[in-house]
Amino acid sequence: MQITGKARSASETFIEGFLTCCGALSIFVTLGILWTLGSETISFFETVSPTAFFFDATWSPFVGEFLNAPDPQYGIRPLILGTFLISGIALLVAVPIGLGAAIYLSEYAQPKTRHVLKPALEILAGIPTIVFGFFALIILTPLIQTILPNLANYNALSAGIVMGFMIVPMVCSLSEDALFSVPQTLREAGYGLGASKVSTICRVVIPTASSGIAVSILLAFGRAIGETMIVWIAAAPFAPERVTVSWNPLDSMESMTAFIARTSSGDISPERYTTLCVVAATLFFLTFMINWLSQRLIVRIGRTR
Amino acid sequence: MKSVSLRKTWVDTAFRNLCLCAVLLPLFVLCSLVVLTGLEGRSLLQLDFVMNYPHEIPAGILPAMVGSLWLVILTAILSVPLGFGAAIYLEEYADNSWRSRLIAANIANLAAVPSVIYGLLGLSIFIRILGLGHTHQGASLIAGACTLSLLIMPIIVVSSREALRTVPIELREAGSGLGATQWQIIQQVVLPLALPGMLTGSILALSRAIGEAAPLLVLGAVTFINFLPDGLDAPYSALPIQIFDWLRRPNDAFIEQAAAAIIVLLGTMLTINGVAVWIRYRLRSNVR
């Protein structure tokens, strides 16, 4: 094959240009998100004061659409609290189980067992979230109702528990990497001092891997607050007229994601569109902060190695 | 390496068993999820179920199956070339300039953005600005596929970069020593070795796209449909959307249908993942 130098360099330039465009597309996606959410957020705050948005304790943005209705209230706090409460339940399930599984896989399991169990756990992360929603609503809620009879049919508790199992693989996989990369010499130093295996794990291995474990929990938390379908199906299927601050996990609970998805899938007036973009901007900001924090931790771990 | 035998108390044994339980409990939940859903929907799992429309008796998931198939094909066409391109750029061309570092950090961030936000992005860009929606009913196949492509592109980029990184630098240097240009090295040395890993990662990302309901619902996908999509701008349904629609109806018959549809969805995803493993195996043995 004969290629002249000039033609070759022209096609090389073309290919490099194309590949650069592919990379640059991701920048445009981010800019698109910022522009979509940002422009609507600015027009939202032209009518609603930021103090009401951040400090009011009631979220009832659409009551004003009916006649003789009270004024709408735009306090985002109940939505943030609902999101964090469900994600908190999820972490209460996922952190002990994920960390315990990571300790078993890294410290106790034979390499062969490890190669079987780790991918098996990963399957959980690949199950579509709508399936988890089904599981929470149809199977888990009736099961818990036999123990807690005053559990509502739609509740934050089973949504949170099922979400916890969804994020177990995330906690487990990243924590296991962190535990596994603790040098063997540290463990042997512990044994040499006469420590038992369990105290070596708890006092030497886990503290050494703590940054990596923290990253795994942060990323799992980020995934939990962005989860939509489980909450929508099992915790908040209907649009409540007003959402107030509630700490009761036995009752139905609205989250930011469920609000966005439910509102958007109905008929959306421009006012509704603006409101849901503001909630989405809040959600985007929170996930961005969590991600930024975990990136910082990862960089720090890289430096200490 | 055999470690020296340690002093073992009941605490050690208890701790070890507790950790073992932490591995087995999620696996038990996974199994019970599949088994209980299967029991719930087993009576419907016949050929009628995949060949009928939802309004027929017995109800079926034909439009949802066809919609999901269209979506995944279109999403693959859009997202895989772009994802591969971005990964090759970042691994093979990008230097350590602020521009490439910005792109890399940005892609890592995008992978963590909640899927509802991608839905809103698609609603604003593809439907409101570019007018890709259907005239009467908000979402069209192409708008859905574009949105899912943006959603899974970061995942494809991250896994493809990992596959590209496994190709030893010496092979690239050997190619460059023979006078090959950058693209010739990539095309003839790097890609044949990295492609199995890149394809496997992409197929796993696409199987995630099949299970996504939230972004499509945000776009305004129709939940009840009795015809097949007939073009890129046609309204559509998809398996997760059909399941969602049935779950919202307060009737045990619909729950049963949802359970059967979930089994079909999980079966489809399992098949796709099996294909991914097979492709990796085949291509690897070809290279050797």
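Residues numbered from 1 in each chain as written. Chains lettered and ligands numbered in written order. Predicted model: local features only at pLDDT ≥ 70, side-chain atom pairs only at ≥ 80, totals over all residues. Heavy atoms only, no water.

Draft legend 1. Here's a closer look at the overall build of chain A. For chain A, the count of helices and strands is 12 helices and 3 strands. Here the C-alpha radius of gyration of chain A, 24 Å, is well above what a compact globule of 305 residues would show, namely 19 Å. Summarising its shape, the C-alpha atoms of chain A cover approximately 75 × 75 × 35 Å along the three principal directions. Out of the 305 residues belonging to chain A, those deemed buried represent 53%. Put simply, 73% of the contacts in chain A that link residues at least 6 apart link residues at least 24 apart. In the form shown here, chain A has an accessible surface area of approximately 13,800 Å², with 66% of it arising from carbon and sulfur atoms. Of the charged side chains in chain A, 17 are positive and 18 negative; the average position of the first set lies 16 Å away from that of the second. (Helix = DSSP H or I, 4+ residues; strand = E, 2+ residues; numbered from the N terminus. Rg over C-alpha atoms; globule rule 2.2 N^0.38 Å. Buried < 20%, exposed > 50% of the residue type's maximum accessible area, 1.4 Å probe, protein only. Contact = heavy atoms within 4.5 Å. Areas by Shrake-Rupley, 256 points an atom, 1.4 Å probe, with all protein chains shown as cover. Lys, Arg positive; Asp, Glu negative; His and termini not counted. Charge placed at Lys NZ, Arg CZ, Asp CG, Glu CD.)

Draft legend 2. Spatial organisation of the interface of chain B and chain A. On the side of chain A, 75 residues touch chain B, which itself brings 71 residues to the contact. Of the roughly 6,500 Å² buried between chain B and chain A on both sides combined, carbon and sulfur atoms contribute 79%. Inspection of the region where chain B meets chain A yields 0 salt bridges. Connecting chain B to chain A are 9 residue pairs in polar contact (both at pLDDT 80 or more). In the side of chain B that touches chain A, the residues fall into 54 nonpolar, 11 polar and 6 charged. (Buried area = accessible area lost by both parts, 1.4 Å probe. Salt bridge = Lys/Arg side-chain N within 4 Å of Asp/Glu carboxyl O. Polar contact = N/O pair within 3.5 Å; in protein donor to acceptor, adjacent residues only side chain to side chain. Nonpolar A, V, L, I, M, F, W, Y, C, P; charged D, E, K, R; others polar.)

Draft legend 3. How the structure looks around a nonpolar patch on the surface. Residues and elements named next belong to chain A. Together, Phe285, Phe288, Met289, Trp292 and Leu293 give the surface a local cluster of nonpolar side chains, amounting to about 480 Å² of exposed area. Take Leu293: it is sitting in helix α12 (residues 270-304). Of the residues examined, Leu293 reaches a relative accessible area of 43% and is grouped as partly exposed. (Patch = residues over 30% accessible without salt bridge, like charges linked within 9 Å, V, L, I, M, F, W, Y side chains within 5 Å.)

Draft legend 4. Region of interest: the confidence of the model for chain A. Residues and elements named next belong to chain A. Across chain A, pLDDT averages 90, with 95% of residues at or above 70. Mean pLDDT values for the elements of chain A range from 86 in strand β3 (residues 243-244) up to 96 in helix α3 (residues 77-108). Long-range and interchain partners of residues 1-6, a stretch whose pLDDT sits below 50, account for 2 contacts in this model, where long-range means more than four residues apart. (pLDDT = per-residue confidence, 0-100.)

Draft legend 5. Quick look at the sheet that holds strand β1 (residues 58-60) of chain A. Residues and elements named next belong to chain A. Strand order in the open sheet made by the 3 strands is β2-β1-β3, with antiparallel pairing throughout. Every interior strand has two partners, whereas the edge strands, β2 (73-74) and β3, have only one. Here β1 pairs with β3 via 2 bridges, running antiparallel. Opposite Thr58, over in β3, you have Thr244 as the bridge partner. (Pairing = 2+ DSSP bridges.)

Draft legend 6. Representation of the confidence of the model for chain B within the structure. A residue-level look at chain B finds 95% of positions with pLDDT of 70 or above and a mean pLDDT of 87. The ipTM, which scores confidence in the relative placement of chains, is 0.91 for this predicted complex, and the corresponding pTM is 0.91.

Draft legend 7. Representation of the pattern of salt bridges within the structure. Tallied over the entire structure, the rule returns 10 salt bridges over all chains. A salt bridge links Arg187 of chain A to Glu107 of chain A, with the nearest nitrogen and oxygen atoms 2.8 Å apart. Here Glu107 of chain A lies in helix α3 and Arg187 of chain A lies in helix α7 (residues 184-192), a separation of 80 residues in the sequence. Given a relative accessible area of 6%, Arg187 of chain A falls into the buried group. When the shortest N-O distance is used, the salt bridge between Glu91 of chain B and Arg165 of chain B registers 3.3 Å. Linking Glu91 of chain B in helix α3 (residues 62-93) with Arg165 of chain B in helix α6 (residues 141-165), this pair joins segments that are 74 residues apart in sequence. If you follow the salt bridges from partner to partner, you end up with Arg114, Lys118, Glu176 and Asp177 of chain A in one network.

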